[in-house]
Amino acid sequence: MAEHNISVSGSQKTRILILDDEAIVCKRLSPAFQKAGYSVETFNDSASAKARIDTDRFDIVITDLKMEGLDGMKFLEHVKETWPETSVIVITGFATPDTAKESFRKGAFDFVAKPFKLGEILDTVKRLEAKIKG
């Protein structure tokens, strides 16, 4: 496994982990973020993503909410417990005021309802980077 030096403001690329059980979402987001200069890893199951988070820190995590096994809310909790400085963006096709409120209460940076345009999620990540850089 490669060693990663993580710094949003340094020369290393911002590292993003994307978790969504819909393969098409990862297939669309990954090249868009890579083209924008990010280092991206995608996962279609929460168990594999959790195992990856357990071994390495990412700058940003983008997670779906509704998934088999560990759902996105529990994955959000796990990420924030393991790496409190990692920022999490929740994406979901089942957006409700309650799920949005719960996501923010558990530390999510933003909550994006599906379907979204690539530009929307890219803008959200750019806003997050600006916040991290201060």
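This is a predicted model, so every value here is computed, not measured.

A. Looking closely at the overall build of the chain. Across its full length, the chain holds 5 helices and 5 strands. Going from N to C terminus, the chain has its helices and strands arranged as β-α-β-α-β-α-β-α-β-α. Against the globule reference of 14 Å for 134 residues, the chain gives a C-alpha radius of gyration of 14 Å, in line with a compact fold. Across its three principal axes, the chain shows a C-alpha extent of roughly 40 × 30 × 30 Å. In the chain, the share of contacts with a sequence separation of at least 24, taken over all contacts with a separation of at least 6, comes to 63%. Of the side-chain charges in the chain, 20 are positive and 21 negative, and the distance between the mean point of each set is 5 Å.

B. Layout of the nonpolar core. One finds Ile 16, Ile 18, Phe 33, Ile 62, Ile 89, Ile 121 and Val 125 to be the most contacted residues of the largest nonpolar core, which totals 19 residues. At the level of secondary structure, the elements contributing two or more residues to this core comprise β1 (15-19), α1 (23-35), β3 (60-64), β4 (87-92) and α5 (118-133). Among residues more than four places away in sequence, those in contact with Ile 89 are Ile 60, Val 61, Ile 62, Thr 63, Phe 109, Asp 110, Val 112, Ile 121, Thr 124, Val 125 and Leu 128.

C. Structural view of the environment of Glu 102. Position of Glu 102 among the secondary structure elements: in helix α4 (residues 97-105). The sequence separation of Glu 102 and Met 73 amounts to 29 residues, and the corresponding C-alpha distance is 8.2 Å. One polar contact links Glu 102 to Lys 106, side chain to side chain, over a distance of 2.9 Å.

Reading the values: rules and limits
- Residues numbered from 1 in each chain as written.
- Predicted model: local features only at pLDDT ≥ 70, side-chain atom pairs only at ≥ 80, totals over all residues.
- Heavy atoms only, no water.
- Helix = DSSP H or I, 4+ residues; strand = E, 2+ residues; numbered from the N terminus.
- Rg over C-alpha atoms; globule rule 2.2 N^0.38 Å.
- Contact = heavy atoms within 4.5 Å.
- Lys, Arg positive; Asp, Glu negative; His and termini not counted.
- Charge placed at Lys NZ, Arg CZ, Asp CG, Glu CD.
- Core = buried A, V, L, I, M, F, W, Y, C linked by side-chain atoms within 4.5 Å.
- Buried < 20%, exposed > 50% of the residue type's maximum accessible area, 1.4 Å probe, protein only.
- Polar contact = N/O pair within 3.5 Å; in protein donor to acceptor, adjacent residues only side chain to side chain.

Spatial relationships are all this shows, so hold off on functional conclusions.
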